[in-house]
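# Secondary and tertiary structure notes
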Amino acid sequence: MLHTVNKSPFQNSALENCLRLAREGDVILLLEDGVYAAAAGTAKSSLVEQALKRHTVYAIEADVKARGLNNLIKEVHIASYADFVDLVEQHPVHAWL
Amino acid sequence: MAATGKKVMVTVRKAPHGSIYVQESIEVMFIFATYDMDLSVVFIDDGVLALQPGQDTKGLGIKGFMASLGALVDWEVTKVYVDRRSLKERNIAEDAVIAIGKDEDTDAPIRPQVLDSAEIAAMMAAQHSIVSF
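Our subject in this report is the structure included herewith. The structure displayed is predicted, hence computed values, not measured ones. (Residues numbered from 1 in each chain as written. Chains lettered and ligands numbered in written order. Predicted model: local features only at pLDDT ≥ 70, side-chain atom pairs only at ≥ 80, totals over all residues.)

## Observations regarding the interface of chain A and chain B
With 10 residues of chain A in contact, the opposing surface of chain B contributes 12 residues. Those elements giving two or more residues to the side of chain A that touches chain B turn out to be helix H1 (14-21) and strand E5 (93-96) of chain A. For the side of chain A that touches chain B, the per-class residue count stands at six nonpolar, two polar and two charged. (Contact = placed C-beta atoms within 7 Å. Helix = DSSP H or I, 4+ residues; strand = E, 2+ residues; numbered from the N terminus. Nonpolar A, V, L, I, M, F, W, Y, C, P; charged D, E, K, R; others polar.)

## Observations regarding the sheet that holds strand E2 (residues 27-30) of chain A
Residues and elements named next belong to chain A. Read across the open sheet, the five strands follow the order E4-E3-E2-E1-E5; overall the sheet is parallel. Edge positions in the sheet fall to strand E4 (77-79) and E5, since each has one partner strand and no second. Averaged over all neighbouring strand pairs, the angle between strand axes comes to 25 degrees, with direction disregarded. Pairing of strand E1 (residues 2-5) with E5 involves four bridges; the strand directions are parallel. Residue pairing for E5: Val5 is matched across the bridge by Trp96. (Pairing = 2+ DSSP bridges. Axes fitted to C-alpha atoms, helices over the stretch in contact; angles between N-to-C directions.)

## Quick word on unusual backbone geometry
All names here are of chain B. Of note in the backbone geometry, Asp45 takes a positive phi value of approximately 55 degrees without being a glycine. Its 24 C-beta neighbours within 10 Å are what place Asp45 among the buried residues. Phi at Asp107 is positive, roughly 65 degrees, even though this residue is not glycine. Secondary-structure assignment places Asp107 in the loop between strand E4 (101-102) and strand E5 (109-110). (Buried ≥ 20, exposed ≤ 12 C-beta atoms within 10 Å, placed from the backbone.)

## Some details on H1(A)
Within H1(A), six of the eight residues are buried, which leaves the element mostly enclosed by the surrounding structure. Within the span of H1(A), buried status applies to A:Ala14, A:Leu15, A:Asn17, A:Cys18, A:Leu19 and A:Leu21. Contacts from the buried residues of H1(A) go to E1, E2, helix H2 (45-51) and E5 of chain A together with helix H4 (117-125) of chain B.

## A closer look at the pairing of E2(A)
Residue and element names in this part refer to chain A. Sheet analysis places E1 next to E2, joined by four bridges and oriented parallel. If you follow His3 over to E2, its bridge partner there is Ile28. Crossover handedness for the path E1 to H1 to E2: right-handed. Pairing analysis gives four bridges linking E2 to strand E3 (residues 56-60), with the strands arranged parallel. Within the sheet, the bridge partner assigned to Leu30 lies in E3 and is Ala59. Once you follow E2 into H2 and on to E3, the crossover reads as right-handed. (Right-handed = clockwise from strand over helix to strand, strands pointing away.)

## Things to note about the sheet that holds strand E6 (residues 113-115) of chain B
Neighbouring strands of a sheet are bound in pairs by backbone hydrogen bonds; such pairs are parallel or else antiparallel. All names here are of chain B. The strand order across the open sheet built from five strands is E6-E3-E2-E1-E7, with neighbouring strands paired in parallel fashion. For this open sheet the edge positions go to E6 and strand E7 (129-132), each flanked by a neighbour on one side alone. Put simply, the sheet's adjacent strands are angled 25 degrees from each other on average, direction ignored. Relative to strand E1 (residues 7-12), helix H1 (residues 21-33) is tilted by about 165 degrees, and along the sheet it contacts E1, strand E2 (38-43) and E7. Relative to the sheet, H4 contacts E1, E2, strand E3 (80-83), E6 and E7, its axis offset from that of E3 by approximately 135 degrees.

As structure tokens, then:
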């Protein structure tokens, strides 16, 4: 299962709620303001750091670059839009809007 | 659209009256109900606030959707679930959530079934598609 999160973890609990219901091995994809969760050394970094023990975590490259995030938690994978399409093809999706 | 028999879930995670999401989700439930699908509905996070008893939207000048939710069972939308933790966090009693229909024989109210996180997670994993609000 693929979970997409597009909200900032500083504004909104979508990521926390997603991680509560995601099962081990599910894939988490951060996009739009969701990519702020992938930044290292923030007050919310521990969410993704913990998630990485149970999930593969992706962040959309265009969104990361647009926001100038150049210090990401290093196990987070960067995904292109083409990768996004592949992930959506491979998994059922739930969007945590 | 041909009958599909596919497992489709609607998830509702928004509070009811500050935006149109919950209203739209109910429209979608009724649309799905007209097709041959294995439909389930889950209220999670702020979505459980739509099930709070005693909502009165007259002062907002809108009809509200309490009546629509109360007709779900009539439309054979019976797999309706609500997240236990979300209810608890918002201090809504599990047996107080609004009814989605009445038992044909006894007239007893039928309420959404309260589930734990793991049960909802397993159900989500079994879907062909999930439409989220």
